[in-house]
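Structure assessment
Residues per chain, in single letters:
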Amino acid sequence: MSELALEGLLIRPTQTDHQDQSNTHCSKITKFLVGTLLFSIVITCTVLSKLSLISLVSQFNKTIDGINSVNNSEAIQLSLHDRAAGIFWQLLFIILIPQFVTFFRALLFGVCGKQSRTFPWPTPRAILTGAVAAVFEVAAMTTVVFYVLPRLPSMVAIFVLGGVFSAQALLDCLYLKWSPCTAWRHGYTDVDEHRPPEEKGWAKVLENKLSRLVALVLQFFSAVTLAVIAALQCVPKDRFLVGFGTALSLLVLATVWSSKVQQESHRARKMAERTKGSNIIRERERALPSAGFKSSFINSSLQIFLYILVSVLLSMDQPMVPRQQMQMYSILSSFFGYAFMWISCTMVLHRWGLALPLYLCTPISFAVCAIFQDNSDSSVFYFSRGYSNPVALGLAMVACSILWIGQMLTMGAFVWKKKNLILAKDAAMFLTPRYDGIFLEQYTMLNRQVGKGKKSRGTVVPIVDTPRPRTIFICSTMYRESSEEMKQMLSSVYQLASHYQQRKDEDPAYRDHFESHIFLDGGANGTQLTYFALQLFSLFEETLHVDPKVFQRIDTPYGCQMSWDVAEVMPIYVHLKDSYKVKNKKRWSQVMYMNYVLNFRVKNNIRNLRNGEVQGERRRRFPTYNEIKMDDDNTFILTTDADIQFTPESAIVLLDRLDSDPNVGAVCARTHPQGSGPLYWYQVFDYAIGHWFQKSAEDILGTVLCCPGCFSVFRCRALRSVLDAYSTEVTTASEFLTKDMGEDRWLCTLLVEKGWRLCYCAISENYTHCPESMDEFFKQRRRWIPSTVANLSLLISQASQITRGNDRISILFIFFEAIMVFSTAISPATVTFVIAAGFTSAFGIQMTTSMIPILVFCMLYALICLYGDSQLQLDVARVSIFFFSLLMGVVVVGYVINIEQDIQNVTAVLLNYNQSGSSGPLPTFIQPSTIYLAIYVLVFVATAALHPKEWTCILHFVWYIIALPSGYLVLLIYSAANLDDRSWGTREATSEQVGVYSSTRRIAEKVWARLVLCLDQCTCRPVVPTDDSKALPLVPPPLAPEAEETHFMQPEAGKGADLVERGDFRLTAEVQKWLDSLECGQYARNFEQHGYFTVHLIADMKSEDFDAIGIDERGHKLRMEREAKKLPSLPIENAIPDNVVSWLEKLELQGYIRLFDASGYSSKDDLESVKGLTLDDLKKMGIHRRAHQQRLLQATKRLAYPSAIEVSISQSKVIIENSPRQEVEDENEEKQFWTGLLHTTLEPMKASFMSDTELKGKLKSLRNTVLYIMLLINVMWIVLILSLKITISETYKIPVHIMTLIFLFIYTIILLVQFMAMIVHRCITLVHYLARVGPQRETEY
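Residues numbered from 1 in each chain as written. Predicted model: local features only at pLDDT ≥ 70, side-chain atom pairs only at ≥ 80, totals over all residues. Heavy atoms only, no water.

**Concerning the overall build of the chain**
Looking only at helices and strands, the chain has 52 helices and 13 strands in total. Taken over 1341 residues, the chain has a buried fraction of 53%. Across the chain, the fraction of contacts at a sequence separation of at least 24, relative to all contacts at a separation of at least 6, is 80%. Surface summary for the chain: the accessible area is close to 58,900 Å², and the carbon and sulfur share equals 62%. (Helix = DSSP H or I, 4+ residues; strand = E, 2+ residues; numbered from the N terminus. Buried < 20%, exposed > 50% of the residue type's maximum accessible area, 1.4 Å probe, protein only. Contact = heavy atoms within 4.5 Å. Areas by Shrake-Rupley, 256 points an atom, 1.4 Å probe, with all protein chains shown as cover.)

Following this line, the structure appears as structure tokens:
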């Protein structure tokens, strides 16, 4: 398969409208098929559960009648008694199994689990209420199952179960207010609508009131009628008991299962804002869970005891011991029915998987019962015949129908309309974490009555559970990304804005608000915008479809802020950071936008809404601005990198996990790399296994430990709890690794320490550019590997504190991560053994002999990394990777030979075993490495099969294996030996761009120069000056070239001096003012003589330039050098001007027009000759001023046809320069906020006052310590493996190393644990995906 084909499979192209329409149709079909499947499963389970129950009670009644008969023989009596005992225990188990399920579930999650301390205990009053309700429920349930239902005809018994809604209908009538405003004030929201009653008016409230009254009358009338009819069918002595027992037991069950009693029994004790022994911060009203689990644990324990006691009392006269096989139809069907109803609710398919089956269960069961009534005992189900009296039968059917209609009026509309969030927790879907095996559909309907409401004098009436309006800030950090990378991110933002606009058009009630904020490091230099800022703005019209001329620009304390309105619904702010005003780098950009959102936007919003004000300035700037109430729980920050690509769906689905669980602080997505070439192929597989195994396992076993800033959503409440710690400076070497080398992972470590859970959402996907060159890849991983190990080590060192403070972290999870750290530390030894074992299998070379060259290389490369420059380290790594890749090819061949030998041995043993006819165990042996590889391959193939959209990633397994020594040997040594390297490594100018040579290159050049000098002296040839050769390549501004010092001549009279317009090169007033402000006016003549007559030329001066013009005083030199960097520069753009005159005028060197004309450079055609000018040519022409020589040499390199992006940048520059800048008053709140934040946190630290020397020393000490520990661990591991070995097979004499066996066993266990966790995570992902499939308005919950 070609590279392009692979990229097409791995990178999702931008979808067209036709593709979107096709996807919508497919989504609807998928939704319909899944809903149909769920409906079929649930309706089958519920009907089967009801029919099996009715059949059992009918058989029980028939058997009891047979026992009471005097005509049966003793044998028949005994058989009937055994049969009655079996039915009795089956009915008892139908009642008890749900109680046991509830008991163990509550014990596991609410009492003994890690999360148990986050669930409060019920109040004493709640415990007493629950106990009393449990006693009455046991008595009523026993009466219904063993006394009432057996005496009723099967068709009537089916409908009688619906009589438990009477109490809830009564409560609905009692606590439904007549006044719409009063109803809303007391916390009632109509279950049929999303809007408050005052918007519906009196008619809607009256309609609700009447429907509740009708339901109540129908319920009581039909229940009493059925009780009377049931009593009339019994013998006279039992009529009163049957009638009274039917009515009373149904009323008792209806009362104890009503929402009022259930909520009272689950009322939680008040918990402090911070859980004892925990760092989990919660807002009591919003995040405090109910006491459902612990209350259910107490109540289920009591009910189990009472049911067992009742069974003993009922069998005291004659013990009931079952002697026949029990039927499990009702038990299993009720359990799986409840399970799939629970799944349907989490997928927001409650209408398909809960409402419709519960509606149709009773009619379908009645129809089946009517068809098969009074069938033979040999059938699976037996249903007793109905009434013999036609009048009684007709009256009973009418009463049953009325009862079912009352049931639908009471709960039908609510169950149909009731919605919950996607992946909602139990507390958001059901009042109690239990189900009932007898009243499966009735109890499930009543149990759905969960919702938030204010406390009133009655019950908390349930409402529709929908998410609150949310505010999402899309915060992107940017540095020096290319135009293609910026375009990718901006296009994604525009797609999200278009999706937001479409949702608002479709649903006016949709009130989520999105904003985009881009923070560009080095985007401004004073009042001037830098190259990358202009590049960003040049893409706005193409990607965001905004008018580039319609924007607002505000000067801020940190630089500049510019804003646009995207798609007329979403504002986008660009914050241009001035490196001389604010700290640069990604972490401080994150600190900026976190403080801006948390401490300015959220706090101002709360204050303004509290005072009845609206943010007038923002509303004036953006007419579509939607001011909603923001707090830390409904405000989120979507962090992105500047090269990210994502879809609106990927951004929105991340919010589902945050909405469903208030303890989730952040959610990350599945990241796919983008690029081309072998290194990209390697990273495709590396990213895949990192998400397939590591993140999935962390999400299921505990918590994700790193939500990367490239694409993750953070809850503002979680960020507020760690913002102060995240904003601290680096003081120690270990802090440098955790804070500055891996800011995203350190932020997540702080969140985990504070008790927050971090999640991984696999259906959210994003794409980011990955390094394609080996140098950039090594520099990137040089930061990632140490920061990962440092943060994990910090987590392990604080295991005791974290396990107490985070309910998702256990000791086993810490042990799991400790094994990961240990396996990383011994990676060099492991790779060495892998290579040596392959050579032993392929060539028969002893393992120790094969290991010696590899170990020697490791030592030599470590020394090179310690004492060589960075480029030399990378060059050696590049060569070593090539040779190691060849060696791995040989190793793979060796392992294939080893596997082939094992297969041959097994085959031979099997043949001998079959021929000899032996019956003992097989005397064969398969090497552990073969078994491990087989498990390894099977697990990876199965994992790829479970990721159908990403299965092509497994194809890159080949590159991953070939590059195994590169990633786990060379790269690890390089990372450990460069712990003291404080550079970022990626997205920085190369040595050729910035004009900085590596030490190796400098040495080589010096040697070559001496050799040339010697040859010249020997041949008596004159030495040609090579000053011109040192003019280094230039890059686009603002990457100003720091060229080496070039020996420019001092100004002097010479050829062409009389042709220079002296008046054009006098100091401007702006330069004179600048010098006077620095109290350096005495140097004005120095600047003028050397040509630095404008501030633009001074802005490009370097330290050697100040020396060259005669600035001798160190203090003055350093002051001017520091302030010169703040001056606006005049970058030279690629262009072909009309002639030489216009070219010189553009450079502000029009004084040399006559000189160039005299030298033969005037027309446009002459510009081609101008491009080849050298320093010597300029001197011969009479240009001796240093500044002018530098300026002209730079300009000749820019004589080129501009690219499309450069033309766009030029146009944007003109627009920006001509745009007005808005002056902000000092009293402005936002300006005051930024000023205070800069003063306290973001003000740049002077390099002279920083303890860089001390920190460098600490980093070197830490580096040496890490290298020593790695050397010690790897040497000890090698010695242990080579020393401890045994011979397992006497027949084949195969030596096996004990430590190898232990190591492979532990690795296999970890791999299998990760695999099982991945399977669980795939199930959750499937549920989440199916919940999101379908029309958008149906999935926004």
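So much for the structure itself; the text now carries on.
**Section: the packing of aromatic side chains**
Applying the stated rule across the entire model yields 55 aromatic pairs. Relative to Phe600, the ring of Tyr596 has its centre 5.7 Å away and its plane inclined at 25°; by these criteria the two rings are stacked. Of this pair, Tyr596 and Phe600 both sit in helix 21 (residues 586-610), four residues apart, which is roughly one turn of that helix. Tyr596 gets classed as buried once you look at its relative accessible area, which sits at 1%. For Phe600, a relative accessible area of 7% corresponds to the buried category. Put simply, the rings of Tyr682, Phe685, Phe693, Phe777, Phe778, Tyr932, Tyr936, Phe940, Phe957, Tyr960, Tyr968 and Tyr974 pair up and form one aromatic cluster. A cation over an aromatic ring shows up here: Lys294 above the ring of Trp121, its NZ or CZ 5.1 Å from the ring centre. (Phe/Tyr/Trp six-rings, centres within 6.5 Å; stacked < 30°, edge-to-face > 60°. Lys NZ or Arg CZ within 6 Å of the ring centre and 35° of its normal.)

**With respect to helix 43 (residues 1114-1124)**
Buried within helix 43 we find His1116, Lys1117, Met1120, Glu1121 and Ala1124. Buried residues in helix 43, looked at end-on, bunch into an arc of 130°, giving them a common side. Tucked inside the fold, the buried residues of helix 43 contact helix 39 (1069-1077), helix 40 (1084-1089), helix 41 (1095-1099) and helix 42 (1103-1108). (Arc of directions from axis to C-beta.)

**Regarding the nonpolar core**
Within the largest apolar cluster, 80 residues are counted, with the highest numbers of intra-cluster contacts made by Leu91, Met141, Val164, Trp257 and Phe439. Trp257 has contacts with Glu137, Met141, Val164, Gln262, Asp436, Phe439, Tyr443 and Leu446, leaving out every residue within four places of it along the chain. (Core = buried A, V, L, I, M, F, W, Y, C linked by side-chain atoms within 4.5 Å.)

**A closer look at the environment of His575**
Inspection of the secondary structure puts His575 in strand 6 (residues 570-578). His575 sits 13 residues away from Met562 along the chain, and the two C-alpha atoms are 6.7 Å apart. For His575, the residues in contact, after removing those within four places along its chain, are His517, Ile518, Phe519, Leu520, Tyr558, Cys560 and Gln561. Within the structure, the side chain of His575 is placed 3.0 Å from the side chain of His517, a separation counted as a polar contact. (Polar contact = N/O pair within 3.5 Å; in protein donor to acceptor, adjacent residues only side chain to side chain.)

**Remarks on the pairing of strand 5 (residues 559-566)**
In terms of burial, strand 5 is largely enclosed, as seven of its eight residues are buried. Pairing between strand 4 (residues 552-556) and strand 5: five bridges, direction antiparallel. What sits directly across from Gln552, in strand 5, is Ser563. In this structure, the hairpin formed by strand 4 and strand 5 is closed by a connection of two residues. With eight bridges joining them, strand 5 and strand 6 adopt antiparallel strand pairing. Considered in strand 6, the bridge of Cys560 is made with Leu576. (Pairing = 2+ DSSP bridges.)

**Quick look at the side chain of Ser52**
Examined against the element boundaries, Ser52 turns out to sit in helix 2 (residues 17-68). What makes Ser52 buried here is its relative accessible area of 3%. At a separation of 2.8 Å, a polar atom in the side chain of Ser52 contacts the main-chain carbonyl oxygen of Leu48. Here Ser52 is in contact with Tyr329, Ser330 and Phe381, once residues within four sequence places are set aside.

**Some words on the pattern of salt bridges**
Overall, the coordinates contain 38 salt bridges when judged by the stated rule. Salt-bridge contacts for Lys739 lead to Glu735; the nearest nitrogen and oxygen are separated by 3.4 Å. Here Glu735 and Lys739 lie together in helix 26 (residues 733-740), a separation of four residues that amounts to about one turn. Overall, the relative accessible area of 5% leaves Lys739 in the buried class. A salt bridge links Asp980 to Arg1263; the nearest nitrogen and oxygen atoms lie 3.4 Å apart. A residue pair is termed long-range when its members are at least 10 positions apart, and Asp980 in the loop between helix 36 (964-977) and helix 37 (991-994) and Arg1263 in helix 51 (residues 1252-1283) qualify at 283 residues. Each of Lys586, Asp641, Glu743 and Asp744 takes part in one network of salt bridges that share partners. (Salt bridge = Lys/Arg side-chain N within 4 Å of Asp/Glu carboxyl O.)

**Concerning the pairing of strand 10 (residues 711-715)**
Of all the five residues making up strand 10, five are buried; the element is thus mostly covered by neighbouring parts of the structure. Burial along strand 10 is two-sided: the residues Phe711, Val713 and Arg715 and Ser712 and Phe714 are all buried. Inspection of the sheet shows strand 7 (residues 635-641) paired to strand 10 by five bridges, in the antiparallel sense. Looking at strand 10, one finds that Leu638 is bridged to Val713. Note: strand 9 (residues 664-674) against strand 10, three bridges, orientation antiparallel. If you follow Val667 over to strand 10, its bridge partner there is Val713.

**Here's the deal with the environment of Val752**
With respect to the helices and strands, Val752 occurs in helix 27 (residues 743-753). Assessed through its relative accessible area of 1%, Val752 is described here as buried. Setting aside its immediate chain neighbours within four residues, Val752 contacts Thr703, Val704, Leu705, Leu758, Leu795, Ile802, Asn806 and Ile809.

Nothing here speaks to function; it is geometry throughout.
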